[in-house]
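Chains, contacts and geometry: an overview
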Amino acid sequence: MKGNTYLLAAEVNAFFAGADEKLKAQCRNWQNLALDLLYKGKVQEDDTFLWFTLYSVHHERAKTLTRFALFHTDSEELVNSFKNTHRRASMQLVKDAHNALTIAGSYLNSVRPTGYMDFSITESRLLLIEREYEESAKLAKKALNIAKEVHSQQGEKQVREIYLTLNALAPDNPYVCHLGIELGIFPR
C-alpha cells in the first residue's frame, strides 16, 4: 500500500505542478521512493486490486513525464498549447518519458491485457506531445482494439480523448480519420 500511495500522490500532484519545479521534483521523488521499495524487496502482497510492480512504477513515471513535457491538465489545454507556436515540449522530458516507457515495456509480459492497453495509450499520448500524429493514431487504434477485446469502457474513453485531440490538431490525417471511424465518430 505504501508504494501505491507514493504513486498516487505523484499522479494527483502532477496535475497541480504547472511551472512549480519544486512540486515536479517532489512527484519524481515519490516515484523514486516507490522504486526503492521494489528494489529493496519491501513489498508484500495485499488484498487490494492495485498492482505494485516495476512495470507500474515505470509506466506511471512515463505518464507523469509526458504531462510535464508539455504541461496540461486536460485535452483542451493541450490543444491550445499546440496552437501557441512559441510553446514546445521539453525534449529532455520527452526523452526521459521514452526511457521510462522502454523500461516499463520490458516488464509487459508480467501484466494483464489491460496493461498492454494502458501502455499503448501512454505511448500514444507521448507521441502526440511530440507531434507524431500518425504514430499516435496507430497506437491509439491498437489500444482501442485491446479495450474492445477486454470490454474496457475506460480504455475506449481514453482513446476517444486522444482521438478528439488528434482530430483538433490534424483533422485531415488519414490515420486520425480512420481512428475516428473505428470509434464510430465520423470525421467531418
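Remember, it's a predicted structure, so these values are computed and weren't measured experimentally.

Rules used throughout
Residues numbered from 1 in each chain as written. Predicted model: local features only at pLDDT ≥ 70, side-chain atom pairs only at ≥ 80, totals over all residues. Heavy atoms only, no water. Phe/Tyr/Trp six-rings, centres within 6.5 Å; stacked < 30°, edge-to-face > 60°. Helix = DSSP H or I, 4+ residues; strand = E, 2+ residues; numbered from the N terminus. Buried < 20%, exposed > 50% of the residue type's maximum accessible area, 1.4 Å probe, protein only. Lys NZ or Arg CZ within 6 Å of the ring centre and 35° of its normal. Contact = heavy atoms within 4.5 Å. Expected span 1.5 Å × (residues − 1).

Turning our eyes to something else, we now look at the packing of aromatic side chains. Scanning the model with the defined rule gives 1 aromatic pair in all. Where Phe82 meets Tyr133, the ring centres are 6.4 Å apart and the plane angle is 75°; that geometry is what we call edge-to-face. Pair noted here: Phe82 is in helix 4 (residues 75-83) and Tyr133 is in helix 7 (residues 133-149), with a separation of 51 residues, a long-range link. Overall, Tyr133 belongs to the buried group, its relative accessible area being 16%. We note Lys24 situated over the ring of Phe68; from NZ or CZ to the ring centre the distance is 5.3 Å. Taking NZ or CZ as reference, Lys138 lies 4.8 Å from the ring centre of Tyr175, over its face.

With that settled, the discussion passes to the side chain of Lys24. Considering the arrangement of structural elements, one finds Lys24 in helix 2 (residues 21-39). Ignoring anything within four residues of it in the chain, the contact list for Lys24 reads Ala17, Gly18 and Phe68.

Next up on the list: helix 3 (residues 54-69). Under the 1.5 Å per step criterion, the end-to-end length of helix 3 is 22 Å for 16 residues, consistent within 8% with the ideal 22 Å. Where burial is concerned, most of helix 3 is hidden: 15 out of the 16 residues are buried.

Considering the arrangement of structural elements, one finds His59 in helix 3. Given the relative accessible area of 5%, His59 is considered buried. Non-local contacts of His59, meaning those with residues more than four positions away in its chain, are made with Leu101, Ala104, Asp118, Phe119 and Thr122.

Looking now at unusual backbone geometry. Positive phi outside glycine occurs at Arg131, with the angle close to 65°. Position of Arg131 relative to the elements: it lies in the loop between helix 6 (113-129) and helix 7. Overall, Arg131 belongs to the partly exposed group, its relative accessible area being 30%. Of note, His151 is a non-glycine position whose phi angle comes to about 60°, a positive value.

Nothing here speaks to function; it is all geometry.
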